[in-house]
Amino acid sequence: MEGKLYQANENIKELVDSIVYHKTQNYDHCCLRVVLLNKERCRCGDDDMSCDECNRKAKAEYRDKLLSHYLVE
């Protein structure tokens, strides 16, 4: 049973990565905090963070949120 649970979680991770990729591929130069997380746009430059770094963090937060919802413990 342990092997099946591990394989199921690996499949879920692959699907989540695919979802994140497809959901963000058409949003070049957009604030992904707004698109993915429904949060306020950050003020890039004021927080010593570039827009690219902010978008990477938004993708990671969205991925983590999906994984915590769907992974089986």
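Keep in mind that what you see is a predicted model, and the values were worked out from it rather than measured.

Here the focus is the confidence of the model for the chain. Across the chain, pLDDT averages 90, with 93% of residues at or above 70. Confidence, read as mean pLDDT per element, is least for helix α2 (residues 32–37) in the chain (91) and greatest for helix α1 (residues 2–24) (95).

All right, on to the packing of α1 against helix α3 (residues 51–70) then. Each pair of packed helices can be summarised by the angle the axes make with each other and by the distance between the axes. The contact between α1 and α3 brings their axes to 10 Å, and the two run at 145°. The crossing of α1 and α3 is right-handed. On α3, the residues that touch Ile12, Lys13, Val16, Asp17, Ile19, Val20, Lys23 and Thr24 of α1 are Lys59, Tyr62, Arg63, Leu66, Leu67 and Tyr70.

Structurally, threonine 24 is set in helix α1. Residue classification places threonine 24 among the buried positions, given a relative accessible area of 8%. With near-sequence residues (within four places) excluded, threonine 24 lies in contact with Leu32, Leu36 and Lys59.

With that settled, the discussion passes to unusual backbone geometry. Located in the positive-phi region is histidine 29, a residue other than glycine, with phi close to 65°. With respect to the helices and strands, the residue histidine 29 is situated in the loop between α1 and α2. On the accessibility criterion, histidine 29 (83% relative accessible area) is exposed. You will see that asparagine 38, though not glycine, has its phi angle at about 55°, which is positive. With respect to the helices and strands, asparagine 38 occurs in the loop between α2 and α3.

A word on the side chain of asparagine 55. Within the secondary structure, asparagine 55 sits in helix α3. Relative accessible area serves as the criterion here: at 14%, asparagine 55 is assigned to the buried category. With near-sequence residues (within four places) excluded, asparagine 55 lies in contact with Cys30, Cys31 and Leu32.

Ile12, Val16, Val20, Leu32, Leu36, Leu37, Ala58, Tyr62, Leu66 and Leu67 form the largest nonpolar core, which has 10 residues in total. When residues of this core are traced back to their parent elements, those giving at least two are α1, α2 and α3. Considering every element that reaches this core, the biggest residue donor is α3, with four residues. With residues near it in sequence (within four places) discarded, alanine 58 still touches Leu32, Arg33, Leu36 and Leu37.

Rules used throughout
Residue positions are counted from 1 within each chain, in the order its sequence is given. pLDDT decides what is reported in this predicted model: residues at 70 or higher carry local features, side-chain atom pairs at 80 or more are listed and counted, and totals for whole chains, interfaces and linings draw on all residues regardless. The basis for every side-chain value is the complete set of non-hydrogen atoms in the structure, without hydrogens or water. One confidence number per residue, pLDDT, is output by the predictor and ranges from 0 to 100. The secondary structure listing takes helices from DSSP runs of H or I that are at least 4 residues long and strands from runs of E that are at least 2 residues long, numbered from the N terminus. The convention used is that axes are lines fitted to C-alpha atoms, helices contributing only their stretch in contact, and that angles between N-to-C directions extend from 0 to 180 degrees. Helix crossings are classified by the rotation of the near helix relative to the far one: an anticlockwise turn of less than a right angle makes the crossing left-handed, while a clockwise turn makes it right-handed. Whether two residues are in contact is decided by their heavy atoms: any pair within 4.5 Å suffices. Each residue gets one of three labels from its accessible area relative to the maximum for its type: buried under 20%, exposed over 50%, partly exposed in between, using a 1.4 Å probe on protein chains only. In this text, buried Ala, Val, Leu, Ile, Met, Phe, Trp, Tyr and Cys residues form a nonpolar core when linked through side-chain atoms within 4.5 Å.

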